[in-house]
Amino acid sequence: MPDPAVPPAPPTPAVPLAALLAREDLALRQIAGPSDPPPVVHAAHTSEMADPYPYLLGGELLLTAGVHIPDAAGSGTYFDDYVSRIVAAGGAALGFGLVPVHDTVPRALVEACDTYGLPLVEVPPQTPFTAVARAVWQLLAQARLAELRRVTEAQQSLATAAARPDPVPSVLRQLAQRVGGWTALYGPEGAEIASAGRRPEAPQTASLAELAEVVRPSGPGTPASATHATAGTHLAAYALSTGFVLGVATPAREPGDHTITSVAAVLLTLLTGEQQSGSGAARTSALVRLLLGDTAEEVTPLLGGGDSWLVVHACPTDQRDRPHLLLGARGPADMRLRRGARPATHHPHPPDLLAATALGAAIGSTLIDPVGDVVQVLVPADRAPQPQPGWTLGVSAPAPPQHLSAAAAQASRALARARATRTPLVRHRTRPALDDLVPREAAQAHARELLEPLAEHPALVETLRTWLSLHGSWDRTAVALSVHRNTVRQRIARSAELLRVELDDPDVRMELWFALRQE
């Protein structure tokens, strides 16, 4: 642990001492002190005080011509006392100028710098201290500009990551890359729920988890952030107002890291937070009432969405669900769709809870339910969902609470159609149709009689419905159902056999479609 008596270096980009030594116009030369780890300086200061301690902030290259050195200094403890005070003040290095006072650097000063680990630089007669100071400030300005550019680029990349379909993991990955370390998100109960970057050893991860508990809100006076250094690793924890905690472990701590991490913390707060005041309590109340026997009509008003709702079914857009372009021998002018390039049995990667939460926030609802590779979202009807990058959506028609089950079926079919047609969003059509011309009871009775041979074969019913909705396309039906197109052909043929109909007849197709819509 660092000595608490040593003042910390200022939070500004540092200049490597080696960069000054490399300046040919200065002709500086290090003659004592360590070079590993590479020394860095934060400022240049000139002083001829025998005890410069009160005038140093830490991180300075202290320049002196030795005016303060008494004649008999070499025979006593003067140089030990002088160097030890510079080290105690946090001085980064000592520059000793030759002439007019000293022709050479005193041997006792060299030995003292070696003893106390203070880099000692010889400044030749032709190099004024002002030139050294000016070079330091020039290098500092360059370092500050580079750090500002780094922070700006990091902010932009974090904002871009937050707009991805998997925003929380993307922000963590981007943050880990930008600070060169490991990042972790701890849930309200303290469990690690997501991480990115190269994972440290177990003692460091355990220390970071303990640091996260320090900042977790527990009452007045709880710090918003905390840092700790252990085993060559710098640890930092940031409390999010949503009860989550962001943890960062890095080999070193750069000046801009705090700013970059703070931006990530703000984004993660937005991504993990409730979008509506009191929505969590409202959902809890609605759940309790449902469990106690209330109906959907009685419970839904607690959620504040009005009398009409939309059901949204969404799944992550697989890159292989998108149109593929095949470049022929004649180049871009001969581009055409390559059909059948995607294996029909491929399933998209299931979304995690954080991705589902972010989707709900983008749509405008916290009522989400990830089920397998599909996220179900309940949205007030006045918030018409829009296409979301990285997602394929199916949206039902507006429905009152008592008809939400039927709306969920509409959303499921709309999603299947969206996936099959590679469309970002498909809405269930609600315009008047043939259904309105036939009494519903009669239509349902006709549908049950017509589809009775398929009653014990739900896979055949769903395949037939999807195939008819996609105008008999084998490939698109296979994509929508995530099965092979030969499976589609076999199911359609079996359906025709059981129903004893000819599916090439448009009248038969129309009648079957009418019947399937009554379910």
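For the structure, see preceding data.
Residues numbered from 1 in each chain as written. Predicted model: local features only at pLDDT ≥ 70, side-chain atom pairs only at ≥ 80, totals over all residues. Heavy atoms only, no water.

A.B. asks: Please give an account of the sheet that holds strand β2 (residues 29-32) that cites residues and values.
C.D. replies: Overall, mixed pairing links the five strands, which are arranged β2-β7-β6-β5-β4 in an open sheet. The open sheet terminates on both sides in strands that have one partner only, identified here as β2 and β4 (43-46). The average angle at which neighbouring strand axes cross in this sheet is 30°, direction not considered. Pairing between β2 and strand β7 (residues 120-123): three bridges, direction antiparallel. Residue pairing for β7: R29 is matched across the bridge by E122. The sheet strands contacting helix α4 (residues 129-162) are β4, β5 (60-64), β6 (93-97) and β7, and the helix crosses β4 at an angle near 160°. (Pairing = 2+ DSSP bridges. Helix = DSSP H or I, 4+ residues; strand = E, 2+ residues; numbered from the N terminus. Axes fitted to C-alpha atoms, helices over the stretch in contact; angles between N-to-C directions. Contact = heavy atoms within 4.5 Å.)

A.B. asks: So what's going on with the pattern of salt bridges? Which residues, and what values?
C.D. replies: One pass over the full model with this rule turns up 13 salt bridges. A salt bridge links R465 to E462, with the shortest nitrogen-to-oxygen separation between them at 2.9 Å. With R465 and E462 both in helix α13 (residues 458-469), this residue pair falls three residues apart, about one helical turn. Residue class for E462 comes out partly exposed when judged on its relative accessible area of 30%. A single network of salt bridges, built from pairs that share partners, joins E147, R150 and D257. (Salt bridge = Lys/Arg side-chain N within 4 Å of Asp/Glu carboxyl O. Buried < 20%, exposed > 50% of the residue type's maximum accessible area, 1.4 Å probe, protein only.)

A.B. asks: Any chance you could break down the nonpolar core for me, citing the residues and the numbers?
C.D. replies: Counting 28 residues, the largest nonpolar core has V171, L172, L175, L185, L246 and L268 as the members making the most contacts within it. Every element with two or more residues in this core is listed here: α4, α5 (167-179), β9 (192-196), β11 (233-239), β12 (245-250), α7 (257-272) and α10 (353-363). Setting aside anything within four residues of it in sequence, one finds L172 in contact with T183, A184, L185, A194, S195, A196, L246 and L268. Membership of the second largest hydrophobic core comes to 22 residues, among which are L28, L61, F129 and L140. (Core = buried A, V, L, I, M, F, W, Y, C linked by side-chain atoms within 4.5 Å.)

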